[in-house]
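Now for the letters of each chain:
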Amino acid sequence: MTTIEFPKSMKWGAATAAYQIEGAADKGGRAPSIWDTFSHTPGNVKNGDNGDYACDSYHKYEEDVQLLKELGVDVYRFSISWPRVIPQGKGEVNPEGVAYYQRLIDSLLENGIEPMITLYHWDLPQTLQDQGGWENRDTVEAFQEYAKAMYEAFGDQVKNWITINEPWCASFLSNYLGVHAPGKQDLQAAVDVAHHLLLAHGKAVEAFREMIPDGEIGYAPNADWLEPFSSAEEDHEACRREMQWKVEWFMDPVFKGTYPDLLQSIFADNNAYLKVEEGDMETISQPIDFMGINYYSGSIARYKEGSGLFEAEPIWVDYDKTDIGWPVYSEGFYKLLTYIHQQYGEVPIYITENGACYNHEVENGIVNDQPRIDYLKKHLTALHRAMKSGVPIKGYILWSLLDNFEWAEGYSKRFGSVHVNYRTFERTKKESYYWYQQTVHNNWFEI
Ligand SMILES: N=NNCCOCCOc1ccc(-c2cn(C[C@@H]3NC[C@@H](O)[C@H]3O)nn2)cc1
């Protein structure tokens with residue numbers, strides 16, 4: 001057998017997000033988010049699912065912490081529900097909301113687990129959406145005030161923070177493709193939202209430096225990998241355009257202080273224009289302590305006229321797909337990480353999300369999700385290759401601890417290492433939970 005062994009410094013974790021697991025949507029003073037509105041609008045989410053109850057982690061968080069403790073992870077990445085702690089989006093802080101996260105943080109620390117907080121994981125307070133949401137530049141200031149309130153509440157106990165999760169999803173998937181909340185299909189709106197999310201990231205970092213000087217902060221952009229179908233220039237160009245959209249558009253501003261030129265001209269050709277004000281790029285590009293990378297899949301793609309804004313058509317024949325239809329492409333993970341290292345230098349990287357959708361159910365008390373174990377072996381091997389190639393990886397955080405509300409797919413898609421019965425909220429550790437537990441404990445695994 002071949003062993004893949006990680007350095008002793010490697011941090012292992014698991015991740016979730018508020019709207020996907022908490023439930024208690026109208027409890028404890030929480031007000032609606034854009035995802036409450038979007039999921040309660042017929043046709044937006046598969047099977048009409050919503051986050052009203054989810055995994056009921058609002059009430060069952062102690063059980064979840066025990067699952068994390070038994071898993072043996074160093075870090076638990078979770079998000080704070082902005083409308084739970086500041087129901088109107090700005091102004092009054094809801095003490096019941098803060099108290100819930102205080103109980104969770106205390107329980108994590110008592111069990112020797114480091115909290116890693118994501119400030120924005122897509123659940124914008126609906127009241128702010130009613131005032132224009134992220135299209136409205138005023139929301140940037142509201143976000144900074146929210147961040148400051150959370151730093152004030154938890155900064156003495158929590159030293160690892162993430163500002164924005166997957167800004168590509170929160171801007172283009174949500175305001176151009178219309179697949180996620182608020183479900184708009186307006187390229188200019190998406191370009192505005194993307195810029196304001198990056199600005200909000202910068203403002204949160206500025207406040208962090210003042211309020212938690214001994215902490216570390218980063219953000220967690222999406223990261224796909226697109227491999228040209230052939231050596232034909234048109235295939236390379238099509239992949240370049242889509243990679244700029246999904247990767248560089250959110251990394252160049254933070255690490256280079258500029259937006260990619262090619263994409264700016266494509267947007268302009270489609271009547272969508274960047275509105276950058278004096279000082280914005282300096283705010284966005286101030287130094288951060290780590291870059292989060294969320295990688296699930298990638299594809300080989302070729303040029304095909306008319307296939308979307310970037311004319312890159314995914315062609316997938318060689319590899320398996322997961323139960324959400326995404327190719328299992330661990331080579332893409334290695335290529336992406338070495339590409340990012342080559343583009344952005346020695347920025348420390350946490351893999352803040354990696355995992356797979358497989359919808360195995362409980363049979364005689366067991367969930368045999370061997371395909372998820374195979375996926376993890378392939379991707380952790382790819383991660384090891386990248387580390388051996390000099391990519392500065394700080395840690396790996398599995399998506400996800402629990403099966404949960406997978407956005408527009410609702411509860412039909414399971415990403416958890418723990419199965420959740422959405423009627424009884426019973427948790428059942430899957431075979432992948434035990435495999436990951438062993439890998440975390442040993443810091444190595446065999447392939
Ligand atoms: N590219 N063009 N697409 C054209 C049409 O797309 C249709 C759908 O697209 C997408 C693209 C990306 C995603 C996605 C989901 N996750 C998983 C979550 N990450 C954060 C955490 O909350 C996890 O649940 N990450 N990314 C979903 C849908």
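Residues numbered from 1 in each chain as written. Predicted model: local features only at pLDDT ≥ 70, side-chain atom pairs only at ≥ 80, totals over all residues. Heavy atoms only, no water.

The name that an unreviewed UniProt entry assigns to the chain is Beta-glucosidase, with the source organism given as Halobacillus halophilus. Under Sequence similarities (unreviewed entry), UniProt gives the following word-for-word description of the chain: "Belongs to the glycosyl hydrolase 1 family." UniProt, in its Catalytic activity (unreviewed entry) section for the chain, records the words "Hydrolysis of terminal, non-reducing beta-D-glucosyl residues with release of beta-D-glucose." (UniProt positions renumbered as here; feature names shortened; annotations may be inferred.)

Asks: Which parts of the structure should I look at to understand the overall build of the chain?
Replies: Secondary structure assignment for the chain yields 15 helices and 15 strands. In terms of C-alpha radius of gyration, the chain reaches 21 Å, essentially the compact-globule figure of 22 Å for 447 residues. Dimensions of the chain along its principal axes, counting C-alpha atoms only, are 60 × 55 × 45 Å. The 447 residues of the chain split such that 61% are buried. Of the charged side chains in the chain, 38 are positive and 67 negative, and the gap between their average positions amounts to 3 Å. (Helix = DSSP H or I, 4+ residues; strand = E, 2+ residues; numbered from the N terminus. Rg over C-alpha atoms; globule rule 2.2 N^0.38 Å. Buried < 20%, exposed > 50% of the residue type's maximum accessible area, 1.4 Å probe, protein only. Lys, Arg positive; Asp, Glu negative; His and termini not counted. Charge placed at Lys NZ, Arg CZ, Asp CG, Glu CD.)

Asks: I tried to follow the sheet that holds strand E6 (residues 216–220) on my own but got confused; where do I start?
Replies: Within a beta sheet, neighbouring strands are joined by backbone hydrogen bonds and run either parallel or antiparallel to one another. In spatial order, the strands read E2-E3-E4-E5-E6-E8-E11-E12; together these 8 strands close into a barrel with parallel pairing. Each strand of the sheet is rotated relative to its neighbour by a mean of 25°, with strand direction disregarded. Across 3 bridges, strand E2 (residues 11–15) lies against strand E3 (residues 75–79) in parallel orientation. For Gly13, the partnering residue across the bridge sits in E3 and is Val75. Of the strands in this sheet, strand E4 (114–120), strand E5 (160–165) and E6 touch helix H7 (residues 138–154), which is tilted by about 160° from E4. Packing against the sheet, helix H10 (residues 233–255) makes contact with E6 and strand E8 (290–294), and its axis sits at approximately 150° to E6. (Pairing = 2+ DSSP bridges. Axes fitted to C-alpha atoms, helices over the stretch in contact; angles between N-to-C directions. Contact = heavy atoms within 4.5 Å.)

Asks: Sorry, what's going on with the site of the ligand here?
Replies: Taken together, 17 residues are adjacent to the ligand, and Gln20, Lys246, Glu353, Glu406 and Trp407 come closest. Gln20 is positioned with one of its side-chain polar atoms (N or O) 2.6 Å from an oxygen atom of the ligand. At 2.6 Å from a nitrogen atom of the ligand is found a side-chain nitrogen or oxygen belonging to Lys246. Coverage of the ligand by the protein chains reaches 74% of its 630 Å² of free accessible surface. (Near = heavy atom within 4 Å. Polar contact = N/O pair within 3.5 Å; in protein donor to acceptor, adjacent residues only side chain to side chain. Areas by Shrake-Rupley, 256 points an atom, 1.4 Å probe, with all protein chains shown as cover.)

Asks: Could you clarify how one ought to interpret helix H8 (residues 167–175) in this entry?
Replies: For an α-helix, the turn length of 3.6 residues means that residues three or four places apart are oriented alike. With respect to burial, H8 is a largely interior element, 9 of its 9 residues being buried. All of the buried residues along H8 are Pro167, Trp168, Cys169, Ala170, Ser171, Phe172, Leu173, Ser174 and Asn175. Here the buried face of H8 lies against E4, E5, helix H9 (187–211), E6, H10 and helix H11 (261–269).

Asks: Help me out: how do you make sense of the UniProt feature "active site" (unreviewed entry) in the chain in this one?
Replies: Here, the residues flagged by UniProt with the feature "active site" (unreviewed entry) are Glu166 and Glu353. In sequence the annotated residues extend across 188 residues, while in space they remain close, none of their C-alpha pairs exceeding 10.1 Å. Mapped onto the secondary structure, Glu166 falls in the loop between E5 and H8. Mapped onto the elements, Glu353 comes out in strand E11 (residues 349–354). For Glu353, a relative accessible area of 3% translates into the label buried. Not counting residues within four places of it along the chain, the set of residues in contact with Glu353 comprises Arg77, His121, Asn165, Glu166, Ile293, Asn294, Tyr295, Tyr296, Ile397 and Trp399. Here the side chain of Glu353 touches Arg77 through a polar contact of 3.1 Å, side chain to side chain.

Asks: Help me understand helix H5 (residues 95–110), please; the structure alone is not making it clear to me.
Replies: The end-to-end C-alpha distance of H5, which contains 16 residues, comes to 22 Å, matching closely the 22 Å that a straight helix rising 1.5 Å per residue would cover. Buried residues in H5 make contact with helix H1 (18–21), helix H3 (57–71), E3, helix H4 (82–85), E4 and H7. The first or second residue beyond H5 is Gly112, which carries a positive phi of 70°. (Expected span 1.5 Å × (residues − 1).)

Asks: Would you mind going over unusual backbone geometry with me for this structure?
Replies: Negative phi is the rule for most residues except glycine; trans is the rule for most peptide bonds. The peptide bond linking Ala181 to Pro182 adopts the cis configuration, its omega dihedral lying at 10°. With respect to the secondary-structure elements, Pro182 resides in the loop between H8 and H9. In this structure, Ser400 follows Trp399 across a cis peptide bond, with omega equal to 10°. Following the sequence through the fold, Ser400 ends up in the loop between strand E12 (393–399) and strand E13 (418–420). A positive phi angle, close to 50°, is found at Ala54, a residue other than glycine. The topology assignment puts Ala54 in the loop between helix H2 (34–39) and H3. For Glu311, which is not glycine, the phi torsion reads 55° and is therefore positive. Along the chain, the position of Glu311 falls in the loop between strand E9 (298–303) and strand E10 (312–315).

Asks: Honestly, the confidence of the model for the chain in this entry has me stumped. Any pointers?
Replies: For residues with low pLDDT, the predicted coordinates do not support detailed interpretation. The predicted model of the chain averages 97 in pLDDT, with 100% of residues at 70 or higher. ipTM for the predicted complex: 0.94, alongside a pTM of 0.98. (pLDDT = per-residue confidence, 0-100.)

Asks: Any chance you could explain the packing of aromatic side chains here in plain terms?
Replies: Scanning the model with the defined rule gives 48 aromatic pairs in all. Here Tyr58 and Tyr100 contribute two aromatic rings whose centre-to-centre distance is 4.7 Å and whose plane-to-plane angle is 35°, an arrangement assigned as tilted. Placement of Tyr58 in helix H3 and of Tyr100 in helix H5 is noted, with a sequence separation of 42 residues between them. Residue Tyr58 is classed as buried on the basis of its relative accessible area, which comes to 9%. (Phe/Tyr/Trp six-rings, centres within 6.5 Å; stacked < 30°, edge-to-face > 60°.)

Asks: Looking at this structure, how should I read the environment of Ala181?
Replies: Within the element layout of this structure, Ala181 appears in the loop between H8 and H9. The spacing of Ala181 and Val391 is 210 residues in sequence and 34 Å in space, taken between C-alpha atoms. For Ala181, the residues in contact, after removing those within four places along its chain, are Ile34, Trp35, Phe38 and Ser174.

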